[in-house]
Amino acid sequence: MVAVSSPAKVLVTGANGYLAVWVVKKYLEAGYSVRGTVRSLAKSAFLNDQFSHYGDRFELVAIEDITKDGAFDEAVRGIDAIAHTASPFHWKATHPDELIIPAVRGTTSILNSALKHGNTIKRFILTSSVAAVREETTTPRVFNETNWNNAAVEAVNAKGSAAGPVVIYLASKTLAEKAAWEFVAAHRSEISWDLVAIHPPYIFGPSLTPAPTVDDINTSHREIYDTLSGARTGAQLRNQGNWVHLGVAAEAHVRATHAAAAGDERIIIRSGLFFYQDILDAAADLGIQNVPRGHPGFVNLETTKAEELLGLTQVTSLRDLVRESVEDFRARGYPGFST
């Protein structure tokens, strides 16, 4: 296990994504250089504008199809660490292949490139998800890094498309992470790097990506918008989940890069528990909405590793998160959030 400290060079895949832009930002602020991969340089020009003041410490390369063999061969050359964030996330899949193939093949593609051409790489950080850890439960339960969401994989294997888009997504994250650990185990004697898997739950926070319309909002952040805009039923407001602030999730990737002890670990991160009603409660506290109080949480996550290995403490409150989100929605002129 080797710490990779600045001014090392990090490859961030899917660099124009909701989380990835923040990951790039945090790496640059910490003194690292960043090479980002995107599908289209033209559609990601905003990144060059956003990070222009870092000069040659930031660069972009285009990889149109991350599932192709050798897609990352050139991108990994001269890199000290990789943060693989690129993986599809949405609730619209009508067939398992829509999410599972790019998630798994995208991961194995870059791992193969790192094996063949990444002789300077010392650490590989995989953006996994709590989706790969927790299973559905009808009783209170605490999940930790020893758990896997095998139930989602079994459901997709048994039902195919009928498993539904949410379960398909859960299976895609589980299978992609398992593929990564299996790859490392199979090639342990050949690789110069170790693997760290970061497991965020819902990621909430103001976006650094262009999102001119509501339809452009990231799937995770859209949960906040839909709740605040009144799109949830009473039953949905009683649904519960875990969340992490976007900035904290990005910082976790940086700390997982330079914390030697993080090597070969799965690490759950989060900022707190929430009911969807709690989002409205926080808005009410800020004078944005007038709604009744919520209810306590039910499913919990163990985050000791994030605190001990990465030094992450969950300091952002849900109220602060809602305030930041509302300010972001207002700045973009989204319906129902005009100043």
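Structure: see above.
Residues numbered from 1 in each chain as written. Predicted model: local features only at pLDDT ≥ 70, side-chain atom pairs only at ≥ 80, totals over all residues. Heavy atoms only, no water.

### Re the packing of aromatic side chains
Stated precisely, the cut-off is as follows: Stacked, edge-to-face and tilted are the three classes for Phe, Tyr and Trp ring pairs, Trp counted by its six-membered ring, which pair at centre distances within 6.5 Å; planes under 30 degrees apart are stacked, over 60 edge-to-face, the rest tilted. By definition, any uninterrupted DSSP run of H or I lasting at least four residues is a helix, any uninterrupted run of E lasting at least two residues is a strand, and each is numbered from the N terminus. To sort residues, take the accessible area from a 1.4 Å probe on protein chains only and compare it with the maximum for the residue type: under 20% means buried, over 50% means exposed, and anything in between is partly exposed. In our convention, an over-ring charge means Lys NZ or Arg CZ found within 6 Å of a ring centre and within 35 degrees of that ring's normal.
Scanning all chains against the criterion turns up 15 aromatic pairs. The interplanar angle of 90° and the centroid separation of 5.3 Å between the aromatic rings of Y225 and F329 together place this pair among those described as edge-to-face. Here F329 lies in helix α11 (residues 318–331) and Y225 lies in helix α6 (residues 219–228), a separation of 104 residues in the sequence. The class of F329 is buried, set by a relative accessible area of 0%. Both rings, one in F329 and one in Y334, keep their centres 5.8 Å apart while their planes meet at 40°; by these two values the pair is tilted. Assigned by exposure class, F329 and Y334 land together as buried. An aromatic cluster of three or more residues is present, and its members are Y202, F204, W243, F274 and Y276. Stacked on the ring of W22, the Lys or Arg K25 has its end atom at 5.0 Å from the ring centre. Sitting above the plane of the W148 ring, K178 keeps its charged end 5.3 Å from the centroid.

### Description of the pattern of salt bridges
As a reminder, the rule being used: Salt bridges, as used here, are contacts in which a Lys or Arg side-chain nitrogen is within 4 Å of a carboxyl oxygen on Asp or Glu.
If you walk through the whole model with that rule in mind, you get 14 salt bridges. For the salt bridge of E223 with R232, the shortest nitrogen-to-oxygen distance reads 2.9 Å. Since its relative accessible area comes to 8%, E223 is described here as buried. With its nearest N and O atoms 2.9 Å apart, the salt bridge here joins R332 to D328. Look at R332 and you get partly exposed, because its relative accessible area is 23%. What makes D328 buried here is its relative accessible area of 10%.

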